[in-house]
Amino acid sequence: MDKVPMLAEGYELLMTDLKALREERPIIVDAIEEARAHGDLSENAEYHAAKERQGQVEAYISDLEDKVSRAQIIDPTTLSGDKVVFGATVTLLDEDDKPIKYQIVGQTEADASKGRISYSSPLARAMIGKEVEEEIEVTVPSGDKFYLVQKIEFI
């Protein structure tokens, strides 16, 4: 079983989602019981909708429990070094010398609009292991992109 790296805030988010889904379980069971009381189950839309929701919730709970059990919580402030690793905040210069800043995070925490990219994304995979002043080449649908690592921070 592989560990799932994530920041502490990503772990807390997973735990919050898991708690909410576990609290939803009895509500779904009540909805199923109420729908069952209406009679013929073959044409009972409420029953089928509740059963479908129950299946979705149970699958999501199972997925979250798996991630939580394999979580490897990483605190970027305890890291150091001169190479890009998980948790690092990296400032890149694009081809127009425009700075772009990204933090490499877990898959559940990724949000490119907030400058947080998953360690499994093509850009993050290209950055990991690089040092300041090294070039990065990333192939994207619109073609190849080139970046220069300007700064590596552990914040």
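Residues numbered from 1 in each chain as written. Predicted model: local features only at pLDDT ≥ 70, side-chain atom pairs only at ≥ 80, totals over all residues. Heavy atoms only, no water.

A. The sheet that holds strand 4 (residues 99-105), seen in detail. The sheet built from five strands is open, its strands ordered 5-4-3-7-6 with mixed pairing. Single-partner strands in this sheet number two, and they are strand 5 (116-118) and strand 6 (135-140). Sheet twist, expressed as the average angle between the axes of neighbouring strands with direction ignored, equals 45°. Relative to strand 7 (residues 143-153), strand 3 (residues 89-93) is paired through five bridges, and the arrangement is antiparallel. By the bridge assignment, L93 is partnered in strand 7 with L148. (Pairing = 2+ DSSP bridges. Helix = DSSP H or I, 4+ residues; strand = E, 2+ residues; numbered from the N terminus. Axes fitted to C-alpha atoms, helices over the stretch in contact; angles between N-to-C directions.)

B. Inspection of the pairing of strand 6 at higher detail. Of the pairings in the sheet, the one linking strand 6 to strand 7 comprises six bridges and is antiparallel in character. Considered in strand 7, the bridge of I136 is made with Y147. From the end of strand 6 to the start of strand 7, which pair antiparallel, there are two residues.

C. Highlighting the environment of S62. For S62, the location among the structural elements is in helix 2 (residues 45-69). Judged by its relative accessible area of 44%, S62 falls in the partly exposed class. Sequence spacing of S62 and L18 is 44 residues, and the spatial spacing of their C-alpha atoms is 9.2 Å. (Buried < 20%, exposed > 50% of the residue type's maximum accessible area, 1.4 Å probe, protein only.)

D. Structural context of the packing of helix 1 (residues 8-36) against helix 2. Relative orientation of the contacting elements helix 1 and helix 2 amounts to 155°, with a least axis distance of 9 Å. The orientation of helix 1 relative to helix 2 falls into the category roughly antiparallel. As for the relative orientation of helix 1 and helix 2, their crossing is left-handed in sense. Its residues assigned to classes, the contact of helix 1 with helix 2 shows 17 nonpolar, one polar and 11 charged. (Parallel < 35°, antiparallel > 145°, perpendicular 65-115°, else oblique. Left-handed = near helix turned anticlockwise from the far one by under 90°. Nonpolar A, V, L, I, M, F, W, Y, C, P; charged D, E, K, R; others polar.)

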